[in-house]
Amino acid sequence: MDVEPGNPDHYIIMTGYGGVWRTLDNGTTWSHIFDAEGIGLYDDVAIDPSNSSRYLVGTLDGLYETTDGGTTWTEIFSGVARHISFDPTDPDIIIMIGHSGSRHVYRSTDGGSTWNITYNDVPFVDDIDFIPGNSDIIFLTIRGNSNMNSGFLKSTDNGLTWSEFSNGSWLDDSVLRLATSIDDPNYLYVLEAALVTGDWPEFAAIHKSVDQGMTWTTTYDGNLITGQMSRDQCIVVSPDDKDLVHTGSLDCYKSLDGGTVWSTTTDWTNGGTLPFVHADISVMEYHDNILYVCSDGGIFKSTDNAVSFTDHSIGLGIREIYTVSVSRGAIDHLATGTQDNGTSIYNDLGWKDFAGGDGMGNHMLHSNPNLVVGSIQWGKSIFKTLNGGVSSSFCDQNGSEWGHFVFPLVGDSEDNLYKGGNEVYKLNNENILTSSGSGCEGWTAISNFPNIADDNKLKVITVAPSDSDVIIASFGRRFYRTFNGGDSWNELFLPSIPGQIYAVDIHPDDPLKTLVSYNKSGTPKVVESENGGASWSFLSDPLPNALRVSSVVYEGGPDNGIYMECFQDYIIKVTQIQPGLLTELDFQMFWCGI
């Protein structure tokens, strides 16, 4: 994110897959200003400190510039563009980490029109920091590799030349984050994380220097600070007080004495007296004495050094959605499973979140849209709400058998539930409707698939809307169908395509018509059967080769349309004029989040 200097009402944010958004009224309203076709991932944004209408956006596909507040954009660098930093005293000078074959440090002296490499083959860079009051001194925080230990590259000539600089006691391969102090430019702080066990680096220590990095002291190495370090690892110093330091990972933390004693300042569970800030902190920055915190759940601001926070995320259409269910009893109500934001319900009262974690498969009952069953990643937990998300209860731990990360949990037209691990399990609707006990007891396996490895979980379960006895289950490349509610299953053999099955849909009126999409680029991406899987035809789709189809849905009705969701933020509707031929391609841009 970035904020216009001197104007806290104007700031822009970058999201991983939802593009770039701008507010001019302190988050009261937001406008979506950049989401270029084919851009897969966004990395950094910056506002020109001398021209508030000029923004730079770094992506995995290039560096883009606007000079009119986001109305028009021009690519000014081809390749991966990361960590864009304007010289605070001369915005024509920009330091950037770019990938064009190899990772280099780039420097521009004409606002980005031309670029020079000032350091070749740099290791992974986590931070670029100009020393306050002296922009000739710049630190690049380096993540160690086989050629260089974790530490810094330092420049004393405004980025023209660089030298290795590391005097700390951190491990050679640690992940470091650096914070500078406007109050005293000699003060530097480092938040260190190291890989000890598991997949994510863990908190290791806080280090402080009072002589601009010449010597370092470890001020804290306790166990208060927790979270997914490297991904969520932030540190920032108050511009007015060199001893007031904040860190962020799972929650936010604060020290008043230069990093020795720490206290927790937020509670992501929202169950205590501390202010709520959504978990997994990825950005902590001070702008004009206001602390900005960005996380997996939005953007939050504090004007009192983390005593309180306000949420400024309303109106941002950036939530990443895995699954959707709609009640036929109230078609304007829906439930969604979302990345890092649990299961969300939309009804007459607006949006309501319930059940945290990564929200996965869910079902909003057709007979009662206020009753929703949702799940989290791998099916580790299943939850139920009886009142549209106002409150919820633990429903089912799914025993010892977990499922796929995007856990398949679906309902049929009669509100029976189905979930998948190594087998397909069914829960009759009367077990869901009960309000006593967990209300989700009595799951029964309705399959007995042969030779399924423990690490090969069901990825897809689809029930025919017009006939609940017709069910499809897929393990990636293996594909099964039952016509009798699970009493017997037949393995179907799809056309040989080098990609796994990603999505399946059965026509709402014809249980024999089936669409299957593959997780691959190139063509074809979608196949169709009109006879229950006895034979298949490729749909000669005109989609660009680079796009992969992550979801396919029959529209039903007189249009006989097919909706395709692509990984790069497209939802595309095509009208099937005749079997095997897709025409009337209508590209429609929606956000893969709400």
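Anything mentioned here points back to the structure above.
First things first, this report covers the structure right here in the doc.

The rules behind these values
- Each chain has its residues counted from 1, running along the sequence as written.
- With the structure being a predicted model, the display of local features is reserved for residues of pLDDT at least 70 and the display and counting of side-chain atom pairs for 80 or more, all residues being used for whole-chain, interface and lining totals.
- Here the side-chain values reflect all heavy atoms present in the structure, with hydrogen atoms and water set aside.
- Should DSSP find at least two bridges between two strands, the strands are regarded as paired.
- Runs of E in the DSSP output that reach at least two residues are strands. Runs of H or I that reach at least four are helices, and both are numbered from the N terminus.
- By salt bridge we mean one thing: a side-chain nitrogen of Lys or Arg within 4 Å of a carboxyl oxygen of Asp or Glu.
- When accessible area is computed with a 1.4 Å probe and restricted to protein chains, residues below 20% of their type maximum are described as buried, those above 50% as exposed, and intermediate ones as partly exposed.
- Angular values range over 0 to 180 degrees, each being the angle between N-to-C directions of two axes fitted as lines to C-alpha atoms, with helices fitted over their stretch in contact.
- For Phe, Tyr and Trp, where Trp contributes only its six-membered ring, two rings pair if their centres lie within 6.5 Å, and the inter-plane angle classes them as stacked under 30 degrees, edge-to-face over 60, or tilted in between.
- The rule is short: NZ of Lys or CZ of Arg within 6 Å of the ring centre and within 35 degrees of the ring normal puts a charge over the ring.
- Grouping buried Ala, Val, Leu, Ile, Met, Phe, Trp, Tyr and Cys residues that are joined through side-chain atoms within 4.5 Å yields what is termed a nonpolar core.
- Residues count as neighbours in contact if any of their non-hydrogen atoms are within 4.5 Å of one another.

1. Considerations on the pairing of strand 49 (residues 549–554)
For step 1, the next point in the chain: Of the pairings in the sheet, the one linking strand 49 to strand 50 (residues 561–566) comprises five bridges and is antiparallel in character. Paired with Tyr 554 across the strands is Ile 562, a residue of strand 50.
For step 2, the next point in the chain: What sits between strand 49 and strand 50 in their antiparallel hairpin is a turn of six residues, with Gly 556 showing a positive phi close to 75°.

2. Some points on the pattern of salt bridges
For step 1, the next point in the chain: Evaluated as defined, the whole model comprises eleven salt bridges.
For step 2, the next point in the chain: We note a salt bridge from Arg 177 to Asp 126, for which the minimum N-O separation is 3.1 Å. Here the residue Arg 177 occupies a position in strand 17 (residues 175–180), and Asp 126 occupies one in strand 13 (residues 125–131), the gap between them amounting to 51 residues.
For step 3, the next point in the chain: Overall, Arg 177 belongs to the buried group, its relative accessible area being 11%.
For step 4, the next point in the chain: Since its relative accessible area comes to 7%, Asp 126 is described here as buried.
For step 5, the next point in the chain: Through salt bridges with shared partners, one network takes in Arg 231, Asp 232, Asp 296 and Asp 340.

3. What to know about the sheet that holds strand 32 (residues 350–354)
For step 1, the next point in the chain: With antiparallel pairing, the four strands of this open sheet are ordered in space as 29-30-31-32. Taken across any chain shown, the strands that pair with only one partner, and hence form the sheet edges, are strand 29 (321–327) and strand 32. The mean inter-strand angle of the sheet, taken between neighbouring strand axes irrespective of direction, is 20°.

4. Examining the side chain of Thr 219
For step 1, the next point in the chain: Inspection of the secondary structure puts Thr 219 in strand 20 (residues 217–220).
For step 2, the next point in the chain: The class for Thr 219 is buried, based on a relative accessible area of 14%.

5. Looking at the pairing of strand 31 (residues 342–347)
For step 1, the next point in the chain: In terms of burial, strand 31 is largely enclosed, as five of its six residues are buried.
For step 2, the next point in the chain: Summarising the sheet, strand 30 (residues 330–338) and strand 31 pair through five bridges and their orientation is antiparallel. Along strand 31, the bridge assignment pairs Thr 338 with Gly 342.
For step 3, the next point in the chain: Where strand 30 hands over to strand 31, the hairpin turn is made up of three residues, of which Asp 340 adopts a positive phi near 65°.
For step 4, the next point in the chain: Relative to strand 32, strand 31 is paired through five bridges, and the arrangement is antiparallel. Bridging across to strand 32, Thr 343 finds its partner in Phe 354.
For step 5, the next point in the chain: Turn length for the strand 31-strand 32 hairpin, with the two strands adjacent in sequence and antiparallel, is two residues.

6. Digging into the packing of aromatic side chains
For step 1, the next point in the chain: Per the stated rule, a full pass over the model turns up 24 aromatic pairs.
For step 2, the next point in the chain: Look at Phe 383 and Phe 394: their rings are 6.3 Å apart centre to centre, the planes differ by 85°, and that puts the pair in the edge-to-face class. Here Phe 383 is found in strand 35 (residues 382–385), whereas its partner Phe 394 is found in strand 36 (residues 393–396), with eleven residues between them in sequence.
For step 3, the next point in the chain: The exposure class assigned to Phe 383 is buried, which follows from its relative accessible area of 18%.
For step 4, the next point in the chain: Under the relative-accessibility criterion, Phe 394 is labelled partly exposed at 45%.
For step 5, the next point in the chain: Relative to Trp 536, the ring of Phe 479 lies with its centre 5.9 Å away and its plane at 75°, an arrangement referred to as edge-to-face. Residue Phe 479 is found in strand 43 (residues 479–482), and its partner Trp 536 is found in the loop between strand 47 (526–529) and strand 48 (537–538); the two are separated by 57 residues along the sequence.
For step 6, the next point in the chain: Connected via pairs of aromatic rings, a cluster forms that spans Phe 139, Phe 152, Phe 165, Trp 170 and Trp 216.
For step 7, the next point in the chain: Sitting over the face of the ring of Tyr 425, Lys 419 holds its NZ or CZ atom 6.0 Å from the ring centroid.
For step 8, the next point in the chain: The lysine or arginine in question, Lys 419, covers the ring of Trp 443, its NZ or CZ lying 4.3 Å from the ring centre.

7. As for the nonpolar core
For step 1, the next point in the chain: Formed by 16 residues in total, the largest nonpolar core has its most connected members in Tyr 189, Phe 203, Ile 206, Ile 225, Ile 235 and Trp 262.
For step 2, the next point in the chain: Of all the secondary structure elements, the ones that give two or more residues to this core are strand 17, strand 18 (188–194), strand 19 (202–209) and strand 21 (234–238).
For step 3, the next point in the chain: The biggest single contributor to this core is strand 18, with three residues.
For step 4, the next point in the chain: Discounting chain neighbours no more than four positions away, the residues touching Ile 206 are Val 190, Leu 191, Thr 217, Thr 218, Thr 219, Tyr 220, Ile 225, Ile 235, Thr 247, Gly 259 and Trp 262.

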